[in-house]
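Coordinates in review
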Amino acid sequence: MKKLFKFILNIIPRPILIRLSYLIRPILAFFLKGDKYTDPIDGKSFKSFLPYGYGKQRNNVLSPSTLSLERHRLLWLYLKNETNFFSANHKVLHFAPEQAFYKRLRKMKNLNYVTTDLNSPLADVKADICNLPFKDNEFDIILCNHVLEHIPDDTKAMQELYRVLKPSGFGVFQIPQDLKRDKTFEDNLIIDRKERAKIFGQYDHVRIYGRDYFEKLRNIGFKVEEVDYTAKLSEADITKYCLAKGEIIPVVYKN
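Now for a description of the structure that goes with this document. (Residues numbered from 1 in each chain as written. Predicted model: local features only at pLDDT ≥ 70, side-chain atom pairs only at ≥ 80, totals over all residues. Heavy atoms only, no water.)

All right, on to the overall build of the protein then. In terms of helices and strands, the protein carries eight helices and 13 strands. For the protein, the proportion of its 255 residues judged to be buried stands at 53%. Taking contacts inside the protein between residues at least 6 apart in sequence as the whole, the part at least 24 apart equals 61%. Within the structure as shown, the protein displays about 12,800 Å² of accessible surface, and the carbon and sulfur contribution to it stands at 54%. (Helix = DSSP H or I, 4+ residues; strand = E, 2+ residues; numbered from the N terminus. Buried < 20%, exposed > 50% of the residue type's maximum accessible area, 1.4 Å probe, protein only. Contact = heavy atoms within 4.5 Å. Areas by Shrake-Rupley, 256 points an atom, 1.4 Å probe, with all protein chains shown as cover.)

If you want it as structure tokens, here you go:
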């Protein structure tokens, strides 16, 4: 199973994977139903989750029902329990919309929900994150998760995110991050797909972010909260929801 998932992730282009997943998801959910682990996004429980990873695979992390990963479930719990995301009226900009969220957020009547990406079939607006077709101070909330590690000029992308966020709003800019690493690592000379997957964790990543990621956001102008939301949760809930203990949610505000 692990080898099959790894092969699929590295061979099939992401837009095709998104379309195929709609067919496969109900079958996986049926065969894995149980009561040991729960996806908080839809409340469904399973005897196990699926493995996932482009390079080194992680066991028991991919929800069979929503296809959420640890970061998606953690963010959902944070937004639900710590913000008014699900109750107040917001104009939301969602980059590269994740399937775990897309249909649910689209149906929420309190949200004016806009999705954007260059390639995703789920995007309303096809746009380059470094040159966004939106007005200054247009959005109350921006979700930009696991996008910036794909962008060569992430400084320009961050500047655009800052420009279109309202001063009263907030953003969540999750990235794959090595918290043991002080400085972000990049090497544009590594072009082999297998080598990039081995070094960067995924063949289409251009860097490994370190702890200096937060400071880079601050240099753009954002106020940054480094939220370790798992610290607020019990060990039982961390296990039940299959979360990554100690994962940081970067929550940003426009100064």
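Don't stop here, the text continues.
Strand pairing within a sheet occurs via backbone hydrogen bonds; the two strands may be parallel or antiparallel. Taken together, seven strands build an open sheet; the order of strands is E7-E6-E5-E8-E9-E13-E12 and the sheet is mixed. Among the strands making up the open sheet, the edge pair consists of strand E7 (125-126) and strand E12 (222-227). When strand E5 (residues 90-95) meets strand E6 (residues 111-117), the two strands line up parallel, connected through six bridges. Across the sheet, residue histidine 94 finds its bridge partner in E6, namely threonine 115. Against the sheet, helix H5 (residues 154-164) makes contact with E5, strand E8 (139-143), strand E9 (165-172), E12 and strand E13 (249-254), and its axis sits at roughly 130° relative to E9, the strand it touches most. (Pairing = 2+ DSSP bridges. Axes fitted to C-alpha atoms, helices over the stretch in contact; angles between N-to-C directions.)

The next point concerns the side chain of histidine 146. Note that histidine 146 resides in the loop between E8 and H5. At 3.5 Å, the side chain of histidine 146 forms a polar contact with the side chain of arginine 71. Setting aside residues no more than four positions away along its own chain, histidine 146 makes contact with Arg71, Gln174, Ile175 and Pro176. (Polar contact = N/O pair within 3.5 Å; in protein donor to acceptor, adjacent residues only side chain to side chain.)

Glancing now at the packing of H5 against helix H7 (residues 212-220). Between two packed helices, the angle of one axis relative to the other and the distance separating the axes together describe the packing. Orientation of H5 relative to H7, taken along the N-to-C sense of each, is 55°, at an axis distance of 10 Å. In terms of orientation, H5 and H7 fall into the oblique class. Handedness of the H5/H7 crossing: right-handed. In contact with Asp154, Thr155, Met158, Gln159 and Tyr162 of H5, H7 contributes Tyr213, Lys216, Leu217 and Ile220. Residues belonging to the contact of H5 with H7 are distributed by class as follows: five nonpolar, two polar and two charged. (Parallel < 35°, antiparallel > 145°, perpendicular 65-115°, else oblique. Left-handed = near helix turned anticlockwise from the far one by under 90°. Nonpolar A, V, L, I, M, F, W, Y, C, P; charged D, E, K, R; others polar.)

Summed over all chains, the structure comprises 15 salt bridges. One salt bridge connects arginine 207 with glutamate 186, and the closest N-O pair in it is separated by 3.2 Å. Of this pair, arginine 207 sits in strand E11 (residues 207-208) while glutamate 186 sits in strand E10 (residues 185-186), placing them 21 residues apart in sequence. When the shortest N-O distance is used, the salt bridge between glutamate 226 and arginine 211 registers 2.9 Å. Remark: arginine 211 occurs in the loop between E11 and H7 and glutamate 226 occurs in strand E12; sequence separation between them is 15 residues. For glutamate 226, a relative accessible area of 33% gives the class partly exposed. On the accessibility criterion, arginine 211 (34% relative accessible area) is partly exposed. Within this structure, Asp154, Glu186, Arg207 and Lys216 form a network of salt bridges that share partners. (Salt bridge = Lys/Arg side-chain N within 4 Å of Asp/Glu carboxyl O.)

Ile129, Ile142, Leu148 and Phe222 are the most contacted members of the largest nonpolar core, which has 31 residues in total. For this core, the secondary-structure elements that each account for two or more residues are E5, E8, H5, H7 and E12. Of all hydrophobic cores here, the second largest spans 29 residues; its members include Phe85, Val172, Ile249 and Val251. (Core = buried A, V, L, I, M, F, W, Y, C linked by side-chain atoms within 4.5 Å.)

What follows concerns the pairing of E6. Counting buried positions along E6 gives six out of seven residues, so the element sits mostly inside the fold. Following the chain from E5 across helix H4 (residues 99-107) to the adjacent parallel E6, one finds a crossover that is right-handed. The sheet contact formed by E6 and E7 spans two bridges and is parallel. Bridge pairing in E7 links threonine 116 to valine 125. (Right-handed = clockwise from strand over helix to strand, strands pointing away.)

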